[in-house]
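Coordinates in review
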Amino acid sequence: MQSDTTAKAMPAQAAQAIGLLRRAAQPDRRHLLWATLWLILAAGLEVIGPILGKALIDEHLLPRHLDFPRMAMLLGAMLVSGWIASWLRYLQLVRLSGLAMRSVQRLREWVFGHVLRLPMAFFDRAITGQLISRVTNDTEAVKTLYIQVLFVILDSSIVLVGTMIAMAWLDWRLMLIVLALVPAVVVIVFVYQRLSAPAVTRARALRSDINGQIAESIGGMSVLQANNAQERFGARFGATNEAHYKARLAELRANAFLLRPALDLLNVILLAVVIYSFGRREMNALEVGVLYAFISYIARVVEPMIQITMQFSGLQQAVVATARVSALLGEAGAPEHDSGRAPPPAVGAPDAPAVRIRDLSFGYAPGQDVLHGLNLDVPQGAFFGIVGHTGSGKSTLLSLLLRYYPSRPGAIEVHGQPLAAIGNERFRSEVGLVPQDPFLLAASARENIDMGRGLSQQAIETAARAAHAHDFIAALEDGYDTPLGESGSRLSTGQKQLIAIARALAGQPRILLLDEATSHIDSATEQVVQEALNELRGRVTIIAIAHRLSTIREADRIVVLNHGRISEAGSHDELMQVDGGLYQRLYLLQQLAA
Ligand SMILES: Nc1ncnc2c1ncn2[C@@H]1O[C@H](COP(=O)(O)OP(=O)(O)OP(=O)(O)O)[C@@H](O)[C@H]1O
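Residues numbered from 1 in each chain as written. Predicted model: local features only at pLDDT ≥ 70, side-chain atom pairs only at ≥ 80, totals over all residues. Heavy atoms only, no water.

So, the site of the ligand
Around the ligand sit 14 residues in total, of which Gly 391, Lys 394, Ser 395, Thr 396 and His 547 are the nearest. In the model, an oxygen atom of the ligand is placed 3.1 Å from a nitrogen or oxygen of the Ser 392 main chain. Contacts to the ligand include Lys 394, whose side-chain N or O atom sits 2.8 Å from an oxygen atom. Here the ligand has 630 Å² of accessible area as a free molecule, and 62% of this is covered by the chains. (Near = heavy atom within 4 Å. Polar contact = N/O pair within 3.5 Å; in protein donor to acceptor, adjacent residues only side chain to side chain. Areas by Shrake-Rupley, 256 points an atom, 1.4 Å probe, with all protein chains shown as cover.)

With respect to the packing of aromatic side chains
According to the stated counting rule, one finds 7 aromatic pairs in the structure shown. Seen from their ring centres, Phe 122 and Phe 123 are 5.2 Å apart, and the 90 degrees between their planes marks the pair as edge-to-face. Residue class for Phe 123 comes out partly exposed when judged on its relative accessible area of 31%. Seen from their ring centres, Phe 362 and Tyr 405 are 5.9 Å apart, and the 50 degrees between their planes marks the pair as tilted. Note that Phe 362 is positioned in strand β1 (residues 355-363) and Tyr 405 in the loop between α12 (394-401) and β4 (412-414), a separation of 43 residues in sequence. Exposure remark for Phe 362: the relative accessible area of 11% places this residue in the buried category. Taken together, the ring pairs in this structure connect Phe 362, Tyr 364 and Tyr 405 into an aromatic cluster. In this structure, Arg 23 packs its charged tip against the face of Trp 110, placed 4.6 Å from the ring centre. (Phe/Tyr/Trp six-rings, centres within 6.5 Å; stacked < 30°, edge-to-face > 60°. Buried < 20%, exposed > 50% of the residue type's maximum accessible area, 1.4 Å probe, protein only. Helix = DSSP H or I, 4+ residues; strand = E, 2+ residues; numbered from the N terminus. Lys NZ or Arg CZ within 6 Å of the ring centre and 35° of its normal.)

Quick notes on the domain arrangement of the protein
By domain assignment, the protein separates into domain 1 (3-207 + 248-333) and domain 2 (355-593). Look at where the C-alpha atoms of domain 1 and domain 2 centre, and you get two points 59 Å apart. (Domains from an automatic or database assignment.)

Observations regarding the UniProt feature "transmembrane region" (unreviewed entry) in the protein
Per the UniProt record, "transmembrane region" (unreviewed entry) is annotated on residues 32-52, 72-91, 145-168, 174-192 and 257-279. Helix makes up 95% of residues 174-192 and strand 0%. Its end C-alpha atoms lie 28 Å apart. (UniProt positions renumbered as here; feature names shortened; annotations may be inferred.)

Digging into the sheet that holds β4
On the basis of which strands lie adjacent, the open sheet formed by 4 strands has the order β2-β1-β4-β5 and antiparallel pairing. If you trace the sheet from one side to the other, it starts and ends with β2 (369-378) and β5 (417-418), each paired once. Bridging between β1 and β2 involves 6 bridges; their strand directions are antiparallel. By the bridge assignment for β2, Val 355 is matched with Val 378. Here α12 sits on the sheet and contacts β1, β2 and β4; the angle it forms with β1, its principal contact strand, is near 115 degrees. (Pairing = 2+ DSSP bridges. Contact = heavy atoms within 4.5 Å. Axes fitted to C-alpha atoms, helices over the stretch in contact; angles between N-to-C directions.)

Observations concerning the sheet that holds strand β7 (residues 511-515)
Taken in spatial order, the 6 strands make up an open sheet running β6-β7-β8-β3-β9-β10, and their pairing is mixed. Across the chains shown, the open sheet's two edge strands, defined by having one partner strand only, are β6 (431-434) and β10 (565-570). Pairwise comparison of adjacent strand axes, ignoring direction, gives a mean angle of 20 degrees for this sheet. Pairing analysis gives 5 bridges linking strand β3 (residues 383-388) to strand β9 (residues 557-562), with the strands arranged parallel. When the sheet's bridge partners are listed, Gly 385 is paired in β9 with Ile 558. With respect to the sheet, helix α17 (residues 493-506) is in contact with β6 and β7, its orientation differing from that of β6 by roughly 175 degrees. Together, β3, β7 and β8 (541-545) form the strand contacts of helix α18 (residues 523-536), whose direction differs from that of β7 by roughly 160 degrees.

What to know about the nonpolar core
Membership of the largest hydrophobic core comes to 45 residues, with the highest contact counts inside it found for Ile 449, Ile 473, Ile 499, Leu 512, Ile 552 and Tyr 583. Looking at which element gives the most residues to this core, the answer is α17, with 8 residues. Beyond its immediate sequence surroundings of up to four residues, Ile 499 is in contact with Leu 440, Ala 445, Asn 448, Ile 449, Phe 472, Ile 473, Leu 484 and Leu 491. (Core = buried A, V, L, I, M, F, W, Y, C linked by side-chain atoms within 4.5 Å.)

Here it is, written out as structure tokens:
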């Protein structure tokens, strides 16, 4: 995900970044115009100040031409222009910051909304940490772009150009001497960045190490404490933290001892040159005012130059980050979310099988099929079990039934309709899933069953009863409103699984898919699950993948997958009759192990 964007040339990335910036700021473009206008006005007013000062000195103070009303007017104009400039800058900053933050907010919503609609194949190659970084840090880079490009670079450029024009107007030869400053500042800042870059990079890497270590320790706290590793982890964290502190210090030292003194020295040299060149001329009264204006301008010229030069590396990083966000937004969404598709027919054929599979082959990579020509009919209301050794393709089949990956058009039909033709809303409400990992939110039992669908308490309780989860939920101190902790840490593995079943049933699915829902639970809870499934028989079509064969013993039909092919199919009793058959062997092996 990262490489494809970083490999792109900078101009292409900059174009992408600007495009995204424009889209994000579109609703606020009026603010953007005003902010830019105020910025130009403020910078212009700041350039005028020293010219007014020069007029005051040259026309009144030195010739002792004390025209008080005019002097007061000049002084007043100097003060008022400075005051208005500060006020405009403040207004401009408020507008621009507001606009930048709203753009970040907008962009974050787009990116996360888009991520939620990406196909599962995308998540096979995505790295969670990077994806989180796209949604949080990289979107924040948009703000940096606004503040750095518009505020700092534009502001500094206007002040710089305005000041140079004013200087040229006062004395073009002296302006040329000041202009010689530009390469010197660029060289100093370049050397500074070269010297401080390793410390900056190190500090950044160490900061991400600090985050990584905290996340790792909290995630594995039980293992960490069981191995009495608190002190070791604490010491390791301390060392990383210390290294980070030193890297930051090195960065600050480079700034304090290299950049600032070098620029101050440059300033002094420049002042000396300007004063010397005035000294060599026959100074007349008129030139004192020019000298005053020049000294004021020199102080104003150095800072914008530093700012512009310093912004470039930050700007480059912000452009790369924004281009990465843009690339993520460019990822094609899952086809079922394509709103441009024709609406599907509302109902399926009444007596068609719940699931019909014809010649279904599938591979994650071209030419490497993991499923080979599957054919299967699952009648409505039937209970089907799918078994097979590890890697035989059970979860892949389930993923295709769930539309996580696209299958050949027409290979799978649900209630008589091709899978791809069913609208997403209806499909997700018709098909319920109980995954191997129940995935509980850090929320209450009610919220975990509801999953934002806005179900009534009655519907939630009915589902919990059907999943045999009601009794233990009701026994919690606040019943359905009891917070279950992160990932449901307050519950046992079996209880989590029952909540996941309740969640699936609460949507009143016509088809229920179970992906090894009993593999981590004890035999007593497994029996509870079996009872729950038996009660659903006839009403809901059940397709259950199970490593534990006792879970699907009662199934109407058990399908045995072997290297992506159906090798056997039948009831438990029928399959046990097949001497040397795969199911018989698997079953006997499990009996022996038990
Ligand atoms: N997301 C994926 N990307 C690429 N290959 C995959 C992916 N998921 C599974 N596979 C491959 O597909 C084959 C079938 O895997 P699948 O997970 O469907 O098997 P399974 O029968 O469910 O196994 P298990 O019982 O261990 O869960 C395996 O060879 C596996 O390596």
